[in-house]
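# Survey of secondary and tertiary structure
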Amino acid sequence: MNRWQSVGIALFVCVALTGLACERSKSSNPLSPDIAGPIPGVAISAPTPVDPPQGGQVVNGGTPLTFIAENPTTTGQRALYLQLELAADANFQQVLHRADRVEMSTNGRTSYRMPEPLGSGFTYYWRMRALDGANTGPYSYTSRFSVVDPVLIEAPTPVEPLGNLTTNRPTFRVRNGRIAGTAGAYYRFELATAPDPSATVAVVTVTPGSNGETSMSLGDLPYDRTFYWRVYGSDGTTQSAYSAVVSFRTGPAPAPPPPPIPTPTPIPTPTPSPLPGGPGGRTPDPGPGQRLPLPDMFAVVRQVAATFPSLNDASCGTWAFMDRLVDTLRTYDTRWGYNWKRGNVGDPSNDVVAYHWGAGADEGSIDVYLIDVIGAHCTAGASPTFTDVTAATYSAGGVGRWTGRGRF
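Remember, it's a predicted structure, so these values are computed and weren't measured experimentally.

## Looking at the sheet that holds strand β6 (residues 109-113)
If you walk across this open sheet you meet the three strands as β1-β3-β6, and the pairing is antiparallel. Strand pairing shows two members of the sheet lacking a second neighbour, β1 (48-51) and β6, which therefore form its edges. The average angle at which neighbouring strand axes cross in this sheet is 30°, direction not considered. Relative to strand β3 (residues 66-70), β1 runs antiparallel, the two sharing three bridges. Residue pairing for β3: P49 is matched across the bridge by A69.

So this is what it looks like as structure tokens:
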């Protein structure tokens, strides 16, 4: 009798005695697929979520997301596989996707790629556990992540100023580029004296306008000069490309008004103390490429101001104080004179004097120190001072210009 005949006889006897087919016994072999489980003494650890990380953000690139976990371990002999669950809530009441059998990789980490991309603007929760067909391990900790749209910042398009202008106070205007996925975008306007980043003279940060355009102004620029400008967008992390570089030329300087006709102004009677006086003369010209130092004449300004009972009345709209002060300063050095305000010929200042530090003629020279001699001018708090405002004037886009105001 062969092996198959023996099995058939045994089955016949079982049916004959019970009237039913005998149930095949479960195997006790731990590697058998028909083993009765769970197997006592087998411990399976939980996988460890790696990517997406806890609390991370995933930028939606339009492709399915891949989950990665560190493999669990087992004390049993059976091969492990993983289960993955993805839900819309931390309690996994709204399970969005389940992968029931993910074969484990042999390199220590196992990955699983979703069949479709996830939607942006939502928070997701995922976890994994391991099984061997007879035993089931615990779930990993729940890892939370969100899917966000990619940040998009397009370069704006320059609109104006372009070409030759009739003004030196242009408005800079651009057409906004597309901005998405960020709430902190801004535009950086760069102004240069040449089409070269090293020639940049001003950088201004502006919040994009809500009407599709953004504009800003730098105030007065030097007359009859060519400038180049460009713009880019950023949110501090993502930066757009630069816009095209465009150029413009400011308008010519207006013709100077005719010199004012001096009007006699009564000079207040000085105090009995005599005004200070210097030794006269003129400091020699400096050498090529050099400039004379600025003399400190604060004491002289203070003494001249002391001769006027009301400094404000003698300086606001009159030449009573300035004429007396300039005349006194010139007894020390004839390089002292008046200042055309912001270099505009015909518009002399009532509270700023000029000292010619360079070589050559004084009249019309812009090689000057500009000194404010009346603090809080034309207010009740007017007081003598000696403040060098040369750099501040230049930074504001202006220059000084020496003049004798027709007096010398």
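That shown, we press on.
## Some words on the side chain of T214
Checked against the element boundaries, T214 lands in strand β16 (residues 213-217). From its side chain, T214 meets the backbone nitrogen of G209 in a polar contact 2.8 Å long. When neighbours within four sequence positions are excluded, T214 is seen to be in contact with F172, R173, V174, N176, Y187, F189, V206, T207, P208 and G209.

## As for the packing of aromatic side chains
As enumerated under the stated definition, the model contains 15 aromatic pairs in all. For the ring pair F308 and F321, a centre distance of 5.7 Å and an interplane angle of 75° mean the geometry is edge-to-face. One end of the pair, F308, is in the loop between α2 (298-306) and α3 (311-315); the other, F321, is in helix α4 (residues 320-330), with 13 residues separating them in the sequence. Considered together, F308 and F321 belong to a single accessibility category, that of buried residues. Measuring from ring centre to ring centre gives 5.7 Å for W319 and Y338, while their planes differ by 90°; the resulting arrangement is edge-to-face. Placement of the pair is W319 in the loop between α3 and α4 and Y338 in strand β19 (residues 336-340), with a sequence separation of 19 residues. On the accessibility criterion, Y338 (0% relative accessible area) is buried. An aromatic cluster of at least three residues, connected via ring pairs, comprises F172, F189, F227, W229 and F248. Between R291 and the ring centre of W357, over which it is positioned, the NZ or CZ distance is 4.0 Å.

## Considering the side chain of D372
Its location among the elements puts D372 in strand β21 (residues 368-375). Although D372 lies buried, it forms no salt bridge, and the closest oppositely charged side chain, R342, sits 11 Å away as judged by the N-O distance. Side-chain polar atoms of D372 contact the backbone nitrogen of I374, separated by 3.1 Å. Those residues within four positions of D372 in sequence are excluded, and the remaining contacts are D351, V352, T385, F386, T387 and V389.

## Quick look at the environment of F67
Summarising the element assignment, F67 is placed in strand β3. Taking the C-alpha atoms as reference points, F67 and P53, 14 residues apart in sequence, are found 9.5 Å from one another. The contact partners of F67, leaving out residues within four places of it in the chain, are D51, P52, L84, L86, T110, S111, Y112, M114, W126 and F145.

## A closer look at the sheet that holds strand β22 (residues 383-388)
The strand order across the open sheet formed by five strands is β22-β21-β20-β19-β23, and the pairing between neighbours is antiparallel. Each edge of the sheet is formed by a strand with only one pairing partner; in this case those strands are β22 and β23 (401-403). Strand-to-strand twist in this sheet, taken as the mean axis angle between neighbours without regard to direction, amounts to 45°. Examined bridge by bridge, β21 and β22 share four bridges and lie antiparallel to one another. Note on β22: the bridge partner recorded for I371 is D388. Here α2 sits on the sheet in contact with β21 and β22, set at roughly 155° to β22.

The rules we used
- Residues numbered from 1 in each chain as written.
- Predicted model: local features only at pLDDT ≥ 70, side-chain atom pairs only at ≥ 80, totals over all residues.
- Heavy atoms only, no water.
- Pairing = 2+ DSSP bridges.
- Helix = DSSP H or I, 4+ residues; strand = E, 2+ residues; numbered from the N terminus.
- Axes fitted to C-alpha atoms, helices over the stretch in contact; angles between N-to-C directions.
- Polar contact = N/O pair within 3.5 Å; in protein donor to acceptor, adjacent residues only side chain to side chain.
- Contact = heavy atoms within 4.5 Å.
- Phe/Tyr/Trp six-rings, centres within 6.5 Å; stacked < 30°, edge-to-face > 60°.
- Buried < 20%, exposed > 50% of the residue type's maximum accessible area, 1.4 Å probe, protein only.
- Lys NZ or Arg CZ within 6 Å of the ring centre and 35° of its normal.
- Lys, Arg positive; Asp, Glu negative; His and termini not counted.
- Salt bridge = Lys/Arg side-chain N within 4 Å of Asp/Glu carboxyl O.

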